[in-house]
Amino acid sequence: VQLQASGGGLVQVGGSLRLSCAASGRTDRTYATGWFRQAPGKEREFVAGISMSGGSIYYADSVKGRFTVSRDNAKNTVYLQMNSLKPEDTAVYYCAAEQAITSLVFTTVRTYDYWGQGTQVTVSS
């Protein structure tokens, strides 16, 4: 499967952005999807993950209550709604997918085999 992340940009503190992750290719299989981010000089970190069914969702503590992950399987797209953005949210955001049964979701970088190209999110103060 191929992943295309989009929706990044420059936003002021407190603003909102919605990222999209569109899948193409082997979309006939079931995948868990995760969002990760990587700031300059830092390791890639987990942000949010959602199972194929949408019934299992996890968030990093740093984004709980501000970010919402969702998916539209008919459109093969996963979204990350980001509200109340902070300067520390500035990073390149990546979506990733891993084939899994519909109820599973993963939170570690090394679990995911398929990655999108990343989209830059910059939050200015």
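Relevant structure appears above.
Note that this is a predicted model, so its numbers are computed, not measured. Residue numbers run consecutively from 1 along every chain, following the written order of its sequence. Residue-level local features of this predicted model are given only where pLDDT is at least 70; pairs of side-chain atoms are given and counted only at 80 or more, and the full residue set underlies all totals for whole chains, interfaces and linings. With hydrogens and water set aside, each side-chain value is computed from the structure's full complement of heavy atoms.

### Considerations on the overall build of the protein
The condition that has to hold: Where helices and strands are cited, they refer to DSSP runs of H or I of at least four residues and of E of at least two residues respectively, numbered from the N terminus. Radius of gyration here is computed from C-alpha atoms only, and the compact-globule reference equals 2.2 Å multiplied by the residue count raised to the power 0.38. Exposure is judged per residue with a 1.4 Å probe applied to protein chains only, and the accessible area is read against the type maximum: over 50% gives exposed, under 20% gives buried, and values in between give partly exposed. A contact between two residues is defined here by any heavy atoms of the two lying within 4.5 Å. Surface exposure here means Shrake-Rupley accessible area, sampled with a 1.4 Å probe, where a residue is shielded only by the protein chains that are shown. Only four residue types enter the charge count, namely Lys and Arg as positive and Asp and Glu as negative; His and the chain termini do not. The atoms used to mark charge sites are NZ of Lys, CZ of Arg, CG of Asp and CD of Glu.
Along the backbone of the protein there are zero helices and 11 strands. Shown N-terminal to C-terminal, the secondary structure of the protein runs as helices and strands in the order β-β-β-β-β-β-β-β-β-β-β. Taken over C-alpha atoms, the radius of gyration comes to 13 Å for the protein, in line with the 14 Å a tight globule of 125 residues would show. On the principal axes, the C-alpha backbone points of the protein span a range of 45 × 25 × 25 Å. By residue count, 42% of the 125 residues in the protein fall in the buried class. Within the protein, contacts between residues at least 6 apart in sequence are counted, and of these 59% link residues at least 24 apart. Accessible surface, the protein: about 6,300 Å² in total, of which carbon and sulfur atoms supply 47%. For the protein, the centre of its 12 positive side-chain charges and the centre of its 9 negative side-chain charges are spaced 3 Å apart.

### A few points about the pairing of strand β7 (residues 67-72)
The condition that has to hold: For two strands to be treated as a pair, DSSP must find at least two bridges joining them.
Only one face of β7 is buried: it carries F67, V69 and R71, and the other face, with T68, S70 and D72, is open. Sheet topology note: the β7/strand β8 (residues 77-82) ladder contains six bridges and is antiparallel. Within β8, the position partnered with R71 by the bridge is V78. Turn length for the β7-β8 hairpin, with the two strands adjacent in sequence and antiparallel, is four residues, and the turn residue N76 shows positive phi of about 55°.

### Re the sheet that holds strand β1 (residues 2-6)
The cut-off we apply is this: Angles shown run from 0 to 180 degrees and are taken between the N-to-C directions of axes, each axis being a line fitted to C-alpha atoms and, for helices, limited to the stretch in contact.
Pairing is antiparallel across the open sheet formed by four strands, whose spatial order is β1-β3-β8-β7. Two strands in the sheet have a free side with no partner beyond their single neighbour: β1 and β7. Shown here is a sheet whose adjacent strand axes are inclined to one another by a mean of 15°, direction ignored. Pairing of β1 with strand β3 (residues 17-24), which is carried by five bridges, proceeds in the antiparallel orientation. If you follow Q2 over to β3, its bridge partner there is S24.

### Thoughts on the pattern of salt bridges
So the rule is basically this: The working definition used for a salt bridge is a side-chain nitrogen of Lys or Arg within 4 Å of a carboxyl oxygen of Asp or Glu.
Evaluated as defined, the whole model comprises five salt bridges. In this structure, E45 engages R37 in a salt bridge whose closest nitrogen and oxygen atoms are separated by 2.6 Å. With its nearest N and O atoms 3.1 Å apart, the salt bridge here joins K64 to D61. In this structure, a network of salt bridges that share partners links the residues R37, E45, R66 and D89.

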